[in-house]
Amino acid sequence: MSAPTSELMEFDDVIAAYDPVLGMEVHVELGTATKMFCGCPTAFGAEPNTQVCPVCIGLPGSLPVANAAAIESAIRVGLALNCSIRPSSIFARKNYFYPDQPKNYQISQYDEPIAFDGHLDVILADGTPWRVEIERAHMEEDTGKSLHIGGTGRIHGASHSLLDYNRAGVPLVEIVTRPITGAGERAPEVARAYVSALRDLLKALEVSDVRMDQGSLRCDANVSLMPKGAAEFGTRTETKNVNSLKSVEIAVRYEMRRQGAVLRDGGEVVQETRHFQEGDGSTSAGRRKETAEDYRYFPEPDLPPVSPDPAWIEELRTTLPELPWVRRARIQQEWGVSDEVMRDLVNVGAVDLVIATADAGASPEAARGWWVSFLAQQANSRTVDLADLAITPVQVARIISLVDEGKLTNKLAQQVVTGVLDGEGDPDEVVAARGLEVVRDDSALQQAVDVALAANPDIVEKIRGGKLAAAGKIVGDVMKATRGQADPARVKELVLAACG
Ligand SMILES: [Zn+2]
């Protein structure tokens, strides 16, 4: 149930009375071939319970072995976030019963995470830099998935639940910020910019595919309000698994307004997890939030400490890839575009996509044009982030080359994009299946031109009288008659020749 609007405070009133405090927790599924503590594969979308073994479903007597590739990824994430790497970190058991966690505990890290005390500098929409302090980045294993059958898909009202343990034991890195204070009215924007920058960073490190829509990057947003001038933070809520960048901003804003109304009316904010509702952008109460004591953490007895060789850490440091912000500055110079153009690209999340499209052979200008306009509109109307659109930079580059070769007009190319997004195949397949190629056959065009001229004798007179601009009307009619598949320049030539 979402709160009625009267239970929300006006955003400006919230800002006038309170200072928001944020804390972001991001779980990222590492793209390793196998799970964190066993050799099971991690591929997304396999048949339920086909990627499991005694270790990841917690059968008695099975023993975990830490995945070296996952440890390497965690260290690289820590280094890229300017964290210190702990010489010796340990795993801990986090004890809780939940059906999707077959061991009744999760192997995580508690007081000795592998990476700690870092920061990530993010750029807000107007170019303002904002430093987010990172408290820690630790390793843990993912849980399985519950599927509630019947009703709305939520546990309430379901007739029964099914469990899929394929995801149980997939390696995760959880990145936790220190409290983000002083953002004021920009708090929702800071939250979004942080997740966006973190996603770009993780992508550049190639440690994860960072698909928010598939859950490989999951964001929990902690929000609280403190009265202006107060010394202590207010009670916070944790909105779970917000699965797009836009939703991060909406969820933080909603929680600020909801908590503002609770406090205004003399109530107390309850420390709890909340669920984000994609549909109306509200949050609803989940479970009361456990404290660390509830989990009875203790050192995992079946795993030795992780003690990476300092020389190896230094090697990983020196082999970090070019980081997104460095790359952006270099690319901006190469393309010779203004700060403003670059910022627009960053704000719609198009930089890497444009670079990849240009790398696939398109001109940077054409690639920019497609990603920031038509594709951005498509992402918007399909309510997915640009990077999650079902079209690849290689496919966009192919469509651009078809336009450059004169095989598609811009209008036809938009139809091809739509076809690709709708799952009709590669650009060439969509062109063939929908019959979208530009009509090259002059005799077919000539026929359409003749029909249009015969229907508009007055315009023919005007053209013959030297008013060549009048040809536009005939060209338009021919384009309509050919459903946009004619080359307008060629049609114009034929019209002028016929009137000559
Ligand atoms: Zn396994």
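Only a predicted model underlies this, so the values are computations on that prediction, with no experimental measurement involved.

Conventions we followed
Residues numbered from 1 in each chain as written. Predicted model: local features only at pLDDT ≥ 70, side-chain atom pairs only at ≥ 80, totals over all residues. Heavy atoms only, no water. Core = buried A, V, L, I, M, F, W, Y, C linked by side-chain atoms within 4.5 Å. Buried < 20%, exposed > 50% of the residue type's maximum accessible area, 1.4 Å probe, protein only. Helix = DSSP H or I, 4+ residues; strand = E, 2+ residues; numbered from the N terminus. Axes fitted to C-alpha atoms, helices over the stretch in contact; angles between N-to-C directions. Parallel < 35°, antiparallel > 145°, perpendicular 65-115°, else oblique. Left-handed = near helix turned anticlockwise from the far one by under 90°. Contact = heavy atoms within 4.5 Å. Nonpolar A, V, L, I, M, F, W, Y, C, P; charged D, E, K, R; others polar. Polar contact = N/O pair within 3.5 Å; in protein donor to acceptor, adjacent residues only side chain to side chain. Patch = residues over 30% accessible without salt bridge, like charges linked within 9 Å, V, L, I, M, F, W, Y side chains within 5 Å. Areas by Shrake-Rupley, 256 points an atom, 1.4 Å probe, with all protein chains shown as cover. Salt bridge = Lys/Arg side-chain N within 4 Å of Asp/Glu carboxyl O. Lys, Arg positive; Asp, Glu negative; His and termini not counted. Charge placed at Lys NZ, Arg CZ, Asp CG, Glu CD. Pairing = 2+ DSSP bridges.

**Q** Just to check I follow, could you spell out the nonpolar core for this structure?
**A** The nonpolar side chains of a soluble globular protein tend to be buried, and buried together. Counting residues in each nonpolar core, the largest one holds 75 residues, and the members touching the most others are I175 and Y194. For this core, the leading source of residues is helix α3 (residues 187-205), giving 11 residues.

**Q** Hey, could you run me through the packing of α3 against helix α4 (residues 245-264) in this one?
**A** Any two packed helices are characterised by how steeply their axes cross, that is the angle between the axes, and by the distance between the axes. The N-to-C vectors of α3 and α4 enclose an angle of 150°; their axes lie 8 Å apart at closest approach. Taken together, the axes of α3 and α4 are roughly antiparallel relative to one another. Two packed elements cross with a definite hand, and for α3 against α4 that hand is right-handed. Where α3 approaches α4, its residues A187, P188, E189, A191, R192, V195, S196 and R199 are matched on the opposing element by L245, K246, V248, E249, V252, R253 and M256. Looking at the contact of α3 with α4 residue by residue, the class counts come to eight nonpolar, one polar and six charged.

**Q** Explain unusual backbone geometry here, please?
**A** In terms of backbone geometry, most residues other than glycine have negative phi values and most peptide bonds are trans. Unlike most non-glycine residues, N104 shows phi in positive territory, near 70°. Note on placement: N104 falls in the loop between β3 (92-95) and β4 (105-108). In this structure N104 comes out as partly exposed when scored by relative accessible area, which is 37%. In this structure, D117 takes a positive phi of about 55° despite not being glycine.

**Q** Would you explain the side chain of R167 in this entry?
**A** Relative to the helices and strands, R167 resides in the loop between β8 (160-164) and β9 (171-177). Among the polar contacts listed, one links the side chain of R167 to the backbone oxygen of T143, at a separation of 3.0 Å. Not counting residues within four places of it along the chain, the set of residues in contact with R167 comprises E29, D142, T143, G144, K145 and R218.

**Q** How should a negative patch on the surface be read in this particular structure?
**A** Judged by side-chain charge, E10, D12, D13 and E185 come together as a negatively charged surface patch. Tracing the chain through its elements places D13 in helix α1 (residues 11-17). Note on D13: relative accessible area 41%, which makes it partly exposed.

**Q** Just to check I follow, could you spell out the sheet that holds β3 for this structure?
**A** Remark on secondary structure: sheet strands pair via backbone hydrogen bonds, oriented parallel or antiparallel. Pairing in this open sheet of three strands is antiparallel, and the strands run β4-β3-β14 from one edge to the other. The outermost strands of the open sheet, each flanked by one partner alone, are β4 and β14 (298-299). For β3 and β14, the ladder comprises two bridges, and the chain directions are antiparallel. Across the sheet, the residue bridging to A92 is P299, located in β14.

**Q** It is not clear to me how the pattern of salt bridges should be interpreted in this structure. Could you clarify?
**A** A side chain of one charge can pair with a side chain of the opposite charge if their charged atoms are brought near each other. Scanning all chains against the criterion turns up 33 salt bridges. The salt bridge partner of R93 is E300, with a shortest N-O separation of 2.8 Å. Taken as a pair, R93 in strand β3 and E300 in the loop between β14 and α5 (310-318) lie far apart in primary sequence, 207 residues in all. On the basis of relative accessibility, which here comes to 14%, the residue R93 falls in the buried class. A relative accessible area of 4% means that E300 is categorised as buried. Three or more residues joined by partner-sharing salt bridges are found here, namely E29, D142, R167 and R218.

**Q** It is not clear to me how the side chain of H138 should be interpreted in this structure. Could you clarify?
**A** Position of H138 among the secondary structure elements: in strand β6 (residues 129-141). Polar contacts involving the side chain of H138 include one to the side chain of R136, which spans 3.1 Å. Within the structure, the side chain of H138 is placed 3.1 Å from the side chain of E140, a separation counted as a polar contact. Those residues within four positions of H138 in sequence are excluded, and the remaining contacts are S108, Q109, P113, L172, V173 and E174.

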